[in-house]
Amino acid sequence: MNHYTQTYISSLLALLICFFCTQSAFSQEDSRLLSAKTYFQQGNYANCQKVLFPTFLDLRKTKGENSPIFQESLSLLADLITKIGYYSLAERIAFKDLSLCMRLYGKKDVRTAKAILRLGDISRFKTDYENAKLHYDDANEIYAEIPNNELLVAEIQVHEGQLLREKGEYTAAEALFRKANISYQKSGLLPSDFRQIELNEGYASLYVALRNYAKAVQLLESNIFLLQKFYHPSHPKIVESHHQLAEIYLKVGLKDKGQLHLDSAKKQAYLTPELYLLNQKQKADLLKQQNNFAQADTIYRQLLENTSELVGEHSRLKMDFMVEEAKMYYQMGNYEEAIALLERIEDLQKDYLNIAHPDYLQTLQDLSLVHWASGNDKKTLRYFSASAERLLEQFRKASSFMSEQEKTLFYEESRRFFDRFNAFIVANHQKQPSLSRVMYDHQLQTKALLFSSALILRDKVMTTKDSTLIKYYFKWLAGKEQLAKIYKLTGEGLEVTPHLLDSLENALNDWEKNIQLKVALNETKYGSLKDKIASSTLKQKLSPTEAAIEIVRVQGFLPDKGGRETDTVYYAALILTAKTPNPELVLFANGNLMENQYMKYYKNTLIFRLQDTLSYHRYWQAIAESPALKGIKKIYLSVDGVYNKVNINTLYNPKTQKYLIEEIDIHLLTSTRDLFSAKNNPNKQEIPNRALLVGYPDYHNAHASENNGNTSPTKTIRRSNIEELPGTKKEIEGIGKILDTNEKQTVTLFSSEATEENLKQRASAHNLLHIATHGFFSAAKANKSEATLGLQDERHENPLLRCGILLSGAANAYSKEILQNELTALLSGQKVEDGILTAYETMNLDLSKIDLVVLSACETGLGEVKNGEGVYGFQRALQTAGAKAIIMSLWKVSDETTIALMVSFYENWLKLGNKRAAFLAAQNQLRKDFPNPYFWGAFIMIGE
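Residues numbered from 1 in each chain as written. Predicted model: local features only at pLDDT ≥ 70, side-chain atom pairs only at ≥ 80, totals over all residues. Heavy atoms only, no water.

Within an unreviewed UniProt entry, the label attached to the protein chain reads CHAT domain-containing protein, and the organism entered is Thermoflexibacter ruber.

Here it is as structure tokens:
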């Protein structure tokens, strides 16, 4: 044990002996107790100890152990030793204090409640969560009977929230923090109040658990500022905040920033033994990252010894140190010691946490990787499978209160785990064919999970039929449009009050969480995030001539010595039929070539109208030759990665001299999970009877210019060089004539009427939406520096803000006049449209009645491809808004062929009554006049 810790413990034990066994020889004035309290509030525990110890013993002698002032000193002593971190001694003194409070004030006094609350904290610090809960409940009972108790109740809610967070019950923890925050705001509690600082600390810990590091950093830095200004420059809470910040930065690989906070903490690292231990732990973490394993190992071993003596054998702090040491052994390639230590941790977590706890889940994940590295495939699969099940359950529980940003961060972390699991399956599927079923089941559960959760939230809100909740939901959507407006204006350099942006972002997060919690309390029958969908159930939906295929992008991963991603990319096609016991896994081992060289070849053959004789072999042949597809006539296909950029139907089979569109019927879906809803509504009426046709916008119409724009569309828009599209007028007129002839209700928006405002207001009343105009997608900035680490403000990097369509007035969207009008309207609480309908705005529309959206614009299928989530673009926005199916383009094509395809499509739809059959018929008819796939293959249909 280090000298500093020994000194503390020796002095405290001496005090305890004096308290229980001896008479004091000291004589001090009672007024010194006030000085001790002042030192304690400042966090100056050393001076507090110097003043309090003799004062405490003197009061015991002069005032007696049953005096109120002695109780005050005893209470302060319990607080001091708790803060120092010597919990066994603190607990003994705290029980003494409780007993004295009950004798002096009775069981229902606020001082008695505070004594019980302290015991709850000590139990929590000792990882004795059961007793902590009992103590908090007892304190709550007392507070409930005290008048004007809002602040008292809020204070205990913060403590209970911390308990729930430590137990991994994030939903309940967040709910308590929110309740406490509301009470603090209502009471006018200042930000500098220590209770508010403790609440910020609780929120920060929760955000770290949810991987929302940016928010955690913001709160911790705020706490440091407030503590330095209103308390003391070396307050222990400042040191704790520096430790937490160092932990965050080291975790995401920002060693320099982590070292800065570590140095700041080290300056005051001897305030308490526990802070000393934390500083040493982070010093070891840094050494480990620098591969200085010998020194790190020495520190970790010393830490484990000291922690056992200081805070107990089974404390969370000790478990944290054990975890870091186990990870170091894994990095060193010492798998036996890593496994032995992780298994000890697993047993401790089972006993002192629970199997649903995120820390326990992380231990299972660590064990899966170490066993994989050691060559034990059986245990690897066991731990991977257990981790996957618990990870999905954790997301389901946590998603009921997380904001969109938090869900995204949480999902991305989870996605990395599933990528590694998939890499294990790819490496071992030939030895264990049943692994393909595991992979397919996970794909059903995780594919487009964020997208699905947004759809489910909308549906759940509407299903409640709660008018107040629905109104609140649309208020949240309107707020998101305002936020997009602010993003556009700040991106253009206009001065928007930072407080306005921050307050709106915070308000939207709060509104969204309120909606999530309200929905959770009024759970409806939909609840599909809780329904487990498996391939064994899905195959029952398939006829003998049908197959479902999930294409999965798999990032290469090597598990040895800490594990690392490789540059290798694989694509796995999982083929499910009614007759196969397990999905057949067809592996494409050259994913890097598929995404780069092969994709360039595919695009170039289209652009230059050349016969593509290679892409069929590169992207499809291995799938087509699978025995599982024998006798299959229809494929339901969900794609991933580079396959989002390929129209599968355009692949040419040199052997048969046919395109894939001629060989088999392929039905594109976001996820084959969608088959459940499609198969459950086989006879759904598809012929449109209320159509909204939008086209040939007047891009330079000054009076139409208005709205929530995009951060940076294209130079073309900014320079007002938007090319007119006279062909779209002819297209809309032709479609309108067909629909009118068949007695369909049609609303047409041309020229100056083709505004963003009109489209938004009218779309929800129709079941067919056809848009003929320019589309755009702007690539993200190449240099993101820290962006990949999740610590940056992503407000200008959201891909849904970088794509959309151009409507009337779009050419003026970035003119000084329009930008100023937008700013004026924003500050006055009004809304002005600018003629650019972004995907971000689109996803907030209500398109739930629309069976089909046709995007007759160039490259409307483009967006940012995210592994496991699909394309973040206009297509995703429309589906999130509720559209059932979408026709969109992957590349630019001439007006002539577009008009011919669209007119033919509507004629066939009205004749056949099935939009998918009509679309295929239209493409085949166009092929007769324009045989090159560049013309007939630009458009794809996805969805129901």
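There is more to say, and it comes next.
### Some points on the packing of helix α14 (residues 273-289) against helix α16 (residues 316-332)
The line we're drawing: Axis definition: a line fit to C-alpha positions, over the contact stretch in the case of helices; interaxial angles, taken between N-to-C directions, run 0 to 180 degrees. Note on conventions: DSSP H or I runs of at least 4 residues are helices, E runs of at least 2 residues are strands, and numbering of each starts at the N terminus. Angular relationships are summarised with four words: roughly parallel below 35 degrees, roughly antiparallel beyond 145, roughly perpendicular across 65 to 115, and oblique for the angles in between. Left-handed is the label given to a crossing in which the near helix is rotated counterclockwise from the far helix by less than a right angle, and right-handed is the label when the rotation is clockwise. Throughout, a contact is declared for two residues whenever any of their heavy atoms are within 4.5 Å. Polarity classes work like this: nonpolar for Ala, Val, Leu, Ile, Met, Phe, Trp, Tyr, Cys and Pro, charged for Asp, Glu, Lys and Arg, and polar for all others, with Gly in that last group.
Running from N to C, α14 and α16 cross one another at 15°; their axes reach a closest spacing of 11 Å. On the basis of their axis angle, the class for α14 and α16 is roughly parallel. Seen along the crossing, α14 lies across α16 with a hand that is left-handed. Residues E274, L277, L278, K281, D285 and K288 of α14 form the contact with α16, whose participating residues are L317, F321, E324, K327, M328 and Q331. Of the residues in the contact of α14 with α16, the class split is 5 nonpolar, 1 polar and 6 charged.

### Concerning the nonpolar core
Note the threshold: Remark: nonpolar core denotes a set of buried residues (Ala, Val, Leu, Ile, Met, Phe, Trp, Tyr, Cys) joined through side-chain atoms within 4.5 Å. The buried label applies to any residue whose accessible area, calculated with a 1.4 Å probe on protein chains only, is under 20% of its type's maximum; exposed applies above 50%, and partly exposed to all values in between.
Counting 124 residues, the largest nonpolar core has W620, I623, I635, L637, Y643 and F905 as its most contacted members. Looking at this core, the element that brings in the most residues is helix α23 (residues 467-491), giving 10 residues. Apart from the residues within four sequence positions on either side, I635 is in contact with A547, I549, W620, L629, I664, D665, I666 and H667. Core analysis: the second largest hydrophobic core is formed by 67 residues, A296, Y330, L391 and I425 among them.

### Some details on the packing of aromatic side chains
In plain terms, the rule: We call Phe, Tyr and Trp rings a pair once their centres come within 6.5 Å, taking the six-membered ring for Trp, and we label the pair stacked below 30 degrees between planes, edge-to-face above 60, and tilted otherwise.
The final tally for this structure, using the stated rule, is 30 aromatic pairs. Ring geometry for F384 and F424: centres 5.7 Å apart, planes at 40°, overall tilted. Highlighted residues: F384 in helix α19 (residues 377-398) and F424 in helix α20 (residues 404-428), separated in sequence by 40 residues. For the pair F417 and F421, a centre-to-centre distance of 6.1 Å together with 55° between the ring planes defines the contact as tilted. With F417 and F421 both in helix α20 and 4 residues apart, the pair spans about one turn of that helix. For F417, a relative accessible area of 5% translates into the label buried. Pairwise contacts between aromatic rings join W372, F384, F417, F418, F421, F424 and F557 into one cluster.

### Focus: the packing of helix α6 (residues 110-125) against helix α7 (residues 129-144)
Packed helices, taken two at a time, are described by the angle their axes make and the gap between the axes. Between α6 and α7, whose axes approach to 8 Å, the crossing angle comes to 165°. By the angle between their directions, the pair α6 and α7 is classed as roughly antiparallel. Read as a crossing pair, α6 and α7 show a hand that is left-handed. Listed contacts from α7 to V110, T112, A113, K114, I116, L117, L119, G120, D121, S123 and R124 of α6 are Y129, N131, A132, H135, Y136, D138, A139, I142 and Y143. Residue classes in the contact of α6 with α7 are distributed as 11 nonpolar, 5 polar and 4 charged.

### Looking at the pairing of strand β18 (residues 939-943)
Rule in force here: We treat two strands as partners when DSSP finds at least two bridges between them.
Of all 5 residues making up β18, 5 are buried, and the element is well covered by its neighbours. Sheet topology places strand β17 (residues 885-889) next to β18; 5 bridges connect them, and they run antiparallel. In the strand pairing of β18, S889 is matched with F939.

### Topic: the side chain of T670
Here T670 is to be found in the loop between β7 (665-668) and α31 (675-680). Given a relative accessible area of 12%, T670 falls into the buried group. Each residue touching T670, except ones within four places of it in the same chain, is listed here: K447, A448, F451, S638, Q875, Q879 and I942.

### Here we look at the UniProt feature "repeat: TPR" (unreviewed entry) in the protein chain
Our working definition: UniProt positions are given in the numbering used here, feature names are shortened, and annotations may be inferred rather than shown by experiment.
UniProt records the feature "repeat: TPR" (unreviewed entry) for residues 319-352 in the present numbering. Secondary structure content for residues 319-352 is 94% helix and 0% strand, and the end C-alpha separation is 10 Å.

### Regarding the environment of E336
Note on placement: E336 falls in helix α17 (residues 335-352). Looking at E336, the relative accessible area reads 71%, which means it is exposed. For the pair formed by E336 and V370, sequence separation is 34 residues and the distance between their alpha carbons is 8.9 Å.

### Overview of α23
The test is simple: Residue count minus one, scaled by 1.5 Å, sets the expected span of a helix. As used in this structure description, the phrase polar contact means that two N or O atoms lie within 3.5 Å; if the pair is within protein, one of them must be able to donate a hydrogen and the other to accept it, and residues adjacent in sequence are counted only when both atoms belong to side chains.
The end-to-end C-alpha distance of α23 is 36 Å, a good match for the 36 Å that 25 residues give at a rise of 1.5 Å each. Of the residues flanking the start of α23, the one acting as N-cap is D466, its side-chain oxygen 3.0 Å from the backbone nitrogen of T468.

### A few points about a nonpolar patch on the surface
The line we're drawing: Exposure above 30% relative accessible area and the lack of any salt bridge qualify a residue for a patch; like charges then connect within 9 Å, and the nonpolar side chains Val, Leu, Ile, Met, Phe, Trp and Tyr within 5 Å. Accessible areas in this description were obtained via Shrake-Rupley with a 1.4 Å probe; residue shielding takes into account the shown protein chains only. Salt bridge, as used here: a side-chain nitrogen of Lys or Arg that lies within 4 Å of a carboxyl oxygen of Asp or Glu.
Residues I607, F608 and L610 make up a contiguous nonpolar surface patch of roughly 330 Å² in combined accessible area. Inspection of the secondary structure assignment puts I607 in helix α27 (residues 597-607). Judged by relative accessible area, which is 48%, I607 ranks as partly exposed.

### Re the sheet that holds strand β11 (residues 775-777)
Spatially, the 3 strands line up as an open sheet ordered β11-β12-β13, and their pairing is antiparallel. Looking along the sheet, the strands with just one partner apiece sit at the ends: β11 and β13 (836-838). Neighbour-to-neighbour, the strand axes of this sheet turn through a mean angle of 30°, independent of strand direction. As paired strands, strand β12 (residues 803-806) and β13 are joined by 3 bridges and run antiparallel to one another. Each bridged residue has a counterpart across the sheet, and for I805 the counterpart in β13 is L837.

### Side note on the environment of L489
Following the sequence through the fold, L489 ends up in helix α23. A relative accessible area of 0% means that L489 is categorised as buried. The spatial distance from the C-alpha of L489 to the C-alpha of Y814 is 9.5 Å, given a sequence separation of 325 residues.

### Let's talk about the pairing of strand β14 (residues 852-855)
Of the two faces of β14, the one holding L852 and V854 and the one holding V853 and L855 are both buried throughout. Note that strand β10 (residues 768-772) and β14 share 4 bridges and pair parallel. Residue pairing for β14: L768 is matched across the bridge by L852.

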